[in-house]
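In case you want the letters, here they are:
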Amino acid sequence: VMSEDLRVIKTRSNIRKEFLSLLEQNEFRAITVSMIIERCQINRSTFYRNYEDKYALADAIVQDLLEEFSRNMGNPNRRLALSILCWNIFRSIRKN
């Protein structure tokens with residue numbers, strides 16, 4: 001299996017980072033794909049090539065967090081940091 005293209009990895013990382021940044025300042029329901037692509041400085045087609053919509057983006061972030069959380073269960077410091085991050089994300093989404 002070929003590894004993912006570095007450009008794809010960087011694009012997805014940028015989309016996720018900017019989405020999480022928007023989530024700190026806005027309710028989930030108020031965030032639009034337009035807001036995300038503006039922050040990322042990418043085309044709408046680039047967003048949709050990577051995620052079906054903002055719900056798929058949020059789901060992918062949660063899935064990655066859960067996988068990372070389970071990989072780091074043996075490391076108390078890492079587990080605490082991930083717990084705090086998950087709590088903040090879920091709290092932001094729950095507000096909606």
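The sections below set out a description of the structure shown in this document. None of the values given here were measured: they were computed from a predicted structure. (Residues numbered from 1 in each chain as written. Predicted model: local features only at pLDDT ≥ 70, side-chain atom pairs only at ≥ 80, totals over all residues. Heavy atoms only, no water.)

Following the sequence through the fold, Thr46 ends up in helix 3 (residues 44-50). Overall, Thr46 belongs to the buried group, its relative accessible area being 13%. Within the local environment of Thr46, its side chain forms a polar contact with the side chain of Arg49, the two groups lying 3.2 Å apart. (Helix = DSSP H or I, 4+ residues; strand = E, 2+ residues; numbered from the N terminus. Buried < 20%, exposed > 50% of the residue type's maximum accessible area, 1.4 Å probe, protein only. Polar contact = N/O pair within 3.5 Å; in protein donor to acceptor, adjacent residues only side chain to side chain.)

Let us now look at helix 2 (residues 33-40). Inspection of helix 2 places Val33, Ile36, Ile37 and Cys40 among the buried residues, and these make up the whole buried set. Considered in projection along helix 2, the buried side chains sweep an arc of 90° and stay on one side of the axis. Contacts from the buried residues of helix 2 go to helix 1 (6-25), helix 3 and helix 4 (54-71). Of the residues trailing helix 2, Gln41 is marked for its positive phi of about 55°. (Arc of directions from axis to C-beta. Contact = heavy atoms within 4.5 Å.)

It is worth spelling out the packing of helix 1 against helix 2 at this point. The geometry of helix 1 relative to helix 2 is characterised by a closest axis approach of 9 Å and an angle of 120° between their N-to-C directions. On the basis of their axis angle, the class for helix 1 and helix 2 is oblique. You can see that helix 1 and helix 2 cross each other, and the crossing is right-handed. Within the contact between the two elements, helix 1 uses Asn14, Ile15, Glu18, Phe19, Ser21, Leu22 and Gln25 and helix 2 uses Met35, Ile36, Arg39 and Cys40. (Axes fitted to C-alpha atoms, helices over the stretch in contact; angles between N-to-C directions. Parallel < 35°, antiparallel > 145°, perpendicular 65-115°, else oblique. Left-handed = near helix turned anticlockwise from the far one by under 90°.)

Right, let's talk about the side chain of Ser21 for a bit. Among the secondary structure elements, Ser21 is positioned in helix 1. For Ser21, a relative accessible area of 19% translates into the label buried. Separated by 2.5 Å, the side chains of Ser21 and Arg39 make a polar contact.

No statement about biological role is implied by the geometric values presented.
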